[in-house]
Amino acid sequence: MPKYPTLPRNTENPVGGARLQQQTISRLKRGLRDVRRWVLDRFEEIPKREITINAQVPGYVVNETRYEYLISVEELRLIVEEIRRRLGIEVPPDYMAEQARRAYEAGTGNAVAQLAALTDDYTREITQVLASEPWQRRVALIRSRVFEQMDSFNGDTATELGRVLSQGVEDGLNPRDVAKDIRKRFGIAERRAETIARTEIGSALRRATRDETQDARERLGIRTAMLHLSALSPTTRRSHSARHGRTYSPQEVAEWYSVDANSIRCKCSQQPVLLDESGEPILGPLKARLEKQRAAFDPDS
């Protein structure tokens with residue numbers, strides 16, 4: 001009797017990992033807010049004095065208020081260096097890298113369960129897979145890439161904050177305006193950190209399933225493809241929903257995610273599906289069900 005893929009229960013977030021994503025986002029935002037408090041406190045401590053300047057405008061004399069910040073360029077540079085150091089502690093790249101590793105391990109577990117349910121030819125245990133050299137090599141590469149991305153994020157954030165502080169000091173801006181710009185910059189950093197967390201955890205979950213499916217094809221000769229399951233939610237991109245219920249090779253999936261920012265905040269998943277002798281996916285009644293979902297969500301797809 002043919003066996004079919006098990007579909008995710010949550011059609012609006014097929015890739016899963018919501019709890020891990022939220023845990024990661026909360027941790028990153030908490031760290032950024034701790035650094036923000038320090039930056040605002042340190043900025044408040046900078047000695048300053050108010051200066052009134054008479055500006056000549058035709059027919060008028062305008063009093064313009066400026067501020068002189070009593071801080072040297074070197075002292076300002078040290079503040080930026082301290083911001084960078086604190087970001088490395090409060091928003092540690094190693095933490096995000098470890099969360100991506102956890103997601104990759106969870107995705108591998110899902111792939112092992114899916115493949116074992118599809119065919120008796122798949123006999124690998126999860127402990128065997130996790131201990132294998134290919135898996136260890138792949139997860140090390142993921143950790144390294146995510147670490148570098150977060151390290152770059154911290155560096156960019158510190159640089160931008162340094163620019164805000166330097167501009168405020170050099171232009172003699174009102175301290176309230178400078179503090180507002182600092183908060184705005186941290187708001188941008190929080191949104192970027194959330195995007196990184198959602199993207200990298202989702203990508204690790206999908207990548208693990210794809211890698212194990214490809215490994216089963218190459219090492220065990222199991223004929224499989226990847227069944228694309230889109231997140232049928234209001235924020236789903238049409239280019240993603242159009243793939244719902246259709247099958248692709250692991251390589252085709254990898255290539256699609258490598259272009260057009262398709263991986264950014266993506267909630268779609270791909271599940272392994274067996275192929276018959278003619279290379280067609282064995283979906284049984286799922287085929288019509290998935291086509292109906294795709295047509296109901298986007299009649300033009």
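Refer to the preceding data block for the structure.
Right, let's walk through the structure included here. (Residues numbered from 1 in each chain as written. Predicted model: local features only at pLDDT ≥ 70, side-chain atom pairs only at ≥ 80, totals over all residues. Heavy atoms only, no water.)

**Regarding the packing of aromatic side chains**
Then, number 1: Evaluation of the coordinates by the stated rule reveals three aromatic pairs.
Then, number 2: For the pair Tyr104 and Trp135, a centre-to-centre distance of 5.6 Å together with 45° between the ring planes defines the contact as tilted. Taken together, the residues Tyr104 in helix 3 (residues 93-118) and Trp135 in helix 5 (residues 133-171) connect sequence positions 31 residues apart. Just as Tyr104 is buried, Trp135 falls in that class too.
Then, number 3: Between the aromatic rings of Trp256 and Tyr257, the centroid separation amounts to 4.9 Å while the plane-to-plane angle is 70°, which identifies the pairing as edge-to-face.
Then, number 4: Relative accessible area serves as the criterion here: at 10%, Tyr257 is assigned to the buried category.
Then, number 5: When the ring centre of Tyr248 is taken as origin, the NZ or CZ atom of Arg243, which lies over that ring, is 3.8 Å away. (Phe/Tyr/Trp six-rings, centres within 6.5 Å; stacked < 30°, edge-to-face > 60°. Helix = DSSP H or I, 4+ residues; strand = E, 2+ residues; numbered from the N terminus. Buried < 20%, exposed > 50% of the residue type's maximum accessible area, 1.4 Å probe, protein only. Lys NZ or Arg CZ within 6 Å of the ring centre and 35° of its normal.)

**Digging into unusual backbone geometry**
Then, number 1: The phi dihedral of Asp260 is positive, around 55°, even though this residue is not glycine.
Then, number 2: As for its placement among the helices and strands, Asp260 is situated in the loop between helix 8 (250-257) and strand 5 (269-274).
Then, number 3: Using a relative accessible area of 67% as the deciding quantity, one classes Asp260 as exposed.
Then, number 4: Here the phi dihedral of Ala261 falls at roughly 55°; this positive angle occurs in a residue that is not glycine.
Then, number 5: When you line up the elements, Ala261 lands in the loop between helix 8 and strand 5.

**Some points on the packing of helix 1 (residues 18-45) against helix 6 (residues 175-220)**
Packed helix pairs are specified by the crossing angle of their axes together with the interaxial distance, meaning the distance between the axes.
Then, number 1: Direction vectors running N to C along helix 1 and helix 6 enclose 160°, while the axes themselves pass 9 Å from each other. Taken as axis vectors, helix 1 and helix 6 run roughly antiparallel relative to one another. Relative to helix 6, helix 1 is oriented so that their crossing is right-handed.
Then, number 2: Here the contact of helix 1 with helix 6 is built from residues that sort into 17 nonpolar, four polar and seven charged. (Axes fitted to C-alpha atoms, helices over the stretch in contact; angles between N-to-C directions. Parallel < 35°, antiparallel > 145°, perpendicular 65-115°, else oblique. Left-handed = near helix turned anticlockwise from the far one by under 90°. Nonpolar A, V, L, I, M, F, W, Y, C, P; charged D, E, K, R; others polar.)

**Here's the deal with the sheet that holds strand 3 (residues 224-229)**
Backbone-to-backbone hydrogen bonds join strands into a sheet, with any given pair of strands oriented parallel or antiparallel.
Then, number 1: One open sheet accounts for three strands, arranged 4-3-5; its pairing is antiparallel. Among the strands making up the open sheet, the edge pair consists of strand 4 (247-248) and strand 5.
Then, number 2: In the packing of helix 3 onto the sheet, the strands contacted are strand 3 and strand 5, and the crossing angle to strand 5 comes to about 25°.
Then, number 3: Running over the sheet, helix 8 touches strand 3, strand 4 and strand 5 and is turned about 40° from strand 3. (Pairing = 2+ DSSP bridges. Contact = heavy atoms within 4.5 Å.)

**Observations regarding the pattern of salt bridges**
Then, number 1: Considering all chains together, one arrives at 27 salt bridges under this definition.
Then, number 2: One salt bridge in this structure joins Arg124 and Asp215, with 2.7 Å as the shortest N-O distance. Here the residue Arg124 occupies a position in the loop between helix 3 and helix 4 (126-131), and Asp215 occupies one in helix 6, the gap between them amounting to 91 residues. Like Arg124, the residue Asp215 is buried in the burial classification. (Salt bridge = Lys/Arg side-chain N within 4 Å of Asp/Glu carboxyl O.)

**Quick word on helix 5**
Then, number 1: Here helix 5 is 39 residues long and its end C-alpha atoms lie 57 Å apart, about the 57 Å a rise of 1.5 Å per residue gives.
Then, number 2: Positive backbone phi, at 65°, marks Gly172, one or two positions downstream of helix 5. (Expected span 1.5 Å × (residues − 1).)

**Examining the state of the cysteines**
Then, number 1: This model, assessed by the stated rule, comprises zero disulfides.
Then, number 2: With no disulfide of its own, Cys266 has Cys268 as its nearest cysteine by sulfur position, at a separation of 3.7 Å.
Then, number 3: Classification of Cys266 by relative accessible area gives buried; the value is 3%. (Disulfide = S-S within 2.5 Å.)

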